[in-house]
Amino acid sequence: GENVEQHPSTLSVQEGDSAVIKCTYSDSASNYFPWYKQELGKGPQLIIDIRSNVGEKKDQRIAVTLNKTAKHFSLHITETQPEDSAVYFCAASSTVSGGSNYKLTFGKGTLLTVNP
Amino acid sequence: KAGVTQTPRYLIKTRGQQVTLSCSPISGHRSVSWYQQTPGQGLQFLFEYFSETQRNKGNFPGRFSGRQFSNSRSEMNVSTLELGDSALYLCASSPEGTGELFFGEGSRLTVL
């Protein structure tokens, strides 16, 4: 089955700096790579995703890059703010049996702390 | 649009008991997935239901079961609780064919 490794497990940055979280995956059939943000006491929230036909995607201060050859993808947050402090999870998925449903495998998470 | 609703939010059980958790998906979402979240293992997939049928299943023992009703609401049950079942149980609904998961806030189960 799919295996997703995520690094680092903790990351501390100063407000205004950039933060980068990296993930690798094992299944070359994976074609969907979402990122989730989980704040304390809440469920994970989808913040950005990328599909295998795209190399990079941006949404304001957040960007994700994908390298299918190397089987890794990264989350980039620029101009970090204290409210960016949370646990971030990457995930990888392929469709099951070529159908329309997905089975996501998550990384272990990165605790990001943005210091004011 | 209302989000995913999970009940109860918190519960305490003792070893050997059983528990049932409930999930109401976002209106129009027919796929419901369940995940177990623990500090050591992270987010682990339990099972996924679509149109009242279990479509995918993770590597959990048979004590963990679920079902989905015709209105897409879902329940999961854990029988013969063990201390290691203490975790945050997350339900997520998804629009068909997208892979996008919308999570509820979870049910935190403590087994004493």
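Residues numbered from 1 in each chain as written. Chains lettered and ligands numbered in written order. Predicted model: local features only at pLDDT ≥ 70, side-chain atom pairs only at ≥ 80, totals over all residues. Heavy atoms only, no water.

Draft legend 1. Focus on the state of the cysteines. Residue and element names in this part refer to chain B. Applying the stated criterion across every chain, the model contains two disulfides over all chains. Bridging Cys23 to Cys91, the disulfide has an S-S length of 1.8 Å. One quick way to see it: the torsion about the S-S bond of Cys23 and Cys91 is about -60 degrees, and its sign makes the bridge left-handed. Here Cys23, found in strand 3 (residues 19-24), pairs with Cys91, found in strand 9 (residues 87-94); they are 68 residues apart in sequence, far enough to count as distant. (Disulfide = S-S within 2.5 Å. Helix = DSSP H or I, 4+ residues; strand = E, 2+ residues; numbered from the N terminus.)

Draft legend 2. Molecular detail of the nonpolar core. With 24 residues, the main nonpolar core has Trp35, Phe73, Leu75, Tyr88 and Leu112 of chain A as its most contacted residues. When contributions to this core are tallied by element, the ones reaching two or more residues are strand 2 (10-14), strand 3 (19-25), strand 4 (32-38), strand 5 (45-51), strand 7 (62-67), strand 8 (72-77), strand 9 (86-95) and strand 11 (110-115) of chain A. Excluding residues within four positions of it along the chain, Phe73 of chain A makes contact with Ile21, Lys22, Cys23, Tyr25, Phe33, Trp35, Thr65, Leu66, Cys90 and Ala91 of chain A. In this structure, Leu11, Val19, Val32 and Val78 of chain B belong to the second largest nonpolar core, which totals 21 residues. (Core = buried A, V, L, I, M, F, W, Y, C linked by side-chain atoms within 4.5 Å. Buried < 20%, exposed > 50% of the residue type's maximum accessible area, 1.4 Å probe, protein only. Contact = heavy atoms within 4.5 Å.)

Draft legend 3. Spotlight on the interface of chain B and chain A. Contacts between the two partners involve 23 residues from chain B, matched on the other side by 19 residues from chain A. One can count zero salt bridges joining chain B with chain A. The interface formed by chain B and chain A holds three residue pairs in polar contact (both at pLDDT 80 or more) in total. Sort the elements by how many residues they give to the side of chain B that touches chain A and strand 5 (residues 42-50) of chain B lands first, with four residues. For the side of chain B that touches chain A, the residue count by class is seven nonpolar, nine polar and seven charged. (Salt bridge = Lys/Arg side-chain N within 4 Å of Asp/Glu carboxyl O. Polar contact = N/O pair within 3.5 Å; in protein donor to acceptor, adjacent residues only side chain to side chain. Nonpolar A, V, L, I, M, F, W, Y, C, P; charged D, E, K, R; others polar.)

Draft legend 4. Spatial organisation of the pattern of salt bridges. Residues and elements named next belong to chain B. One pass over the structure, following the stated rule, counts 10 salt bridges over all chains. Linking Glu105 and Arg9 is a salt bridge whose minimum nitrogen-to-oxygen distance equals 3.1 Å. Of this pair, Glu105 sits in the loop between strand 10 (102-103) and strand 11 (107-111) while Arg9 is found in the loop between strand 1 (5-7) and strand 2 (10-13), placing the two residues 96 residues apart along the sequence. Judged by its relative accessible area of 35%, Glu105 falls in the partly exposed class. Using a relative accessible area of 30% as the deciding quantity, one classes Arg9 as partly exposed. Taken together, the shared-partner salt bridges in this structure form one network comprising Glu48, Arg55 and Glu96.

Draft legend 5. Seen up close, the sheet that holds strand 7 of chain A. Residue and element names in this part refer to chain A. If you trace the five strands from one edge of the open sheet to the other, you get 1-3-8-7-6, paired in antiparallel fashion. Looking along the sheet, the strands with just one partner apiece sit at the ends: strand 1 (4-7) and strand 6 (56-59). Each strand of the sheet is rotated relative to its neighbour by a mean of 15 degrees, with strand direction disregarded. Here strand 7 pairs with strand 8 via six bridges, running antiparallel. From the neighbouring strand, Val64 faces strand 8, where its bridge partner is Leu75. (Pairing = 2+ DSSP bridges. Axes fitted to C-alpha atoms, helices over the stretch in contact; angles between N-to-C directions.)

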